[in-house]
Amino acid sequence: MPETERTIEHDAVTLAVFDAGEGPAVVLLHGLTATHRYVVMGSNALPRAGFRTISYDARGHGASSPAGSYSYAALAGDLGAVLDAFEIGRAVLAGASMGAHTLLRYALESPARVAGDSSA
């Protein structure tokens with residue numbers, strides 16, 4: 001399934017965001033020093049299984065711009081901005097390392113936007 005790329009602006013940072021598939025949204029967050037391509041092994045199967053997969057390069061990583069501010073509060077804010085830009089009300093979140101910490105911070109701050117299963 002083809003992946004589309006777009007950029008969004010948030011908090012003086014440009015984030016490179018990648019979107020593939022249709023269906024309930026699953027947002028994948030990568031770890032420190034990685035990019036959107038290195039989140040969950042097998043994640044390419046998600047769009048084929050009927051899920052919309054959103055991933056992005058965190059601030060200061062990959063195709064996203066360098067970050068003036070780098071904190072979990074800023075990273076969680078970026079996640080919220082990605083959801084808003086793609087008009088996603090609730091999503092399943094999956095992450096590794098820094099991405100897992102980011103999604104946990106976001107889930108604690110915005111629990112209504114986080115789906116606990118794939119029936120998002």
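Residues numbered from 1 in each chain as written. Predicted model: local features only at pLDDT ≥ 70, side-chain atom pairs only at ≥ 80, totals over all residues. Heavy atoms only, no water.

**Q** What's the story with the pattern of salt bridges in this structure? I'm lost.
**A** Enumeration over the complete set of coordinates arrives at 6 salt bridges. Residue Asp11 pairs with Arg59 through a salt bridge whose shortest N-O separation is 3.2 Å. Of this pair, Asp11 sits in the loop between strand 1 (3–10) and strand 2 (13–20) while Arg59 sits in the loop between strand 4 (52–56) and helix 2 (72–85), and the two are 48 residues apart along the sequence. Looking at Arg59, the relative accessible area reads 0%, which means it is buried. Of the charged contacts in the structure, one is a salt bridge between Glu109 and Arg105, with a shortest N-O distance of 2.6 Å. (Salt bridge = Lys/Arg side-chain N within 4 Å of Asp/Glu carboxyl O. Helix = DSSP H or I, 4+ residues; strand = E, 2+ residues; numbered from the N terminus. Buried < 20%, exposed > 50% of the residue type's maximum accessible area, 1.4 Å probe, protein only.)

**Q** Looking at this structure, I do not really get the sheet that holds strand 3 (residues 25–29). What am I missing?
**A** The strands making up a sheet associate through hydrogen bonds between their backbones, and the pairing can be parallel or antiparallel. The sheet built from 5 strands is open, its strands ordered 1-2-4-3-5 with mixed pairing. Each edge of the open sheet is held by one strand with a lone partner, namely strand 1 and strand 5 (92–95). Ignoring strand direction, the axes of neighbouring strands in this sheet form an average angle of 25°. Alignment of strand 3 against strand 4, held across 4 bridges, turns out to be parallel. What sits directly across from Leu28, in strand 4, is Ser55. (Pairing = 2+ DSSP bridges. Axes fitted to C-alpha atoms, helices over the stretch in contact; angles between N-to-C directions.)

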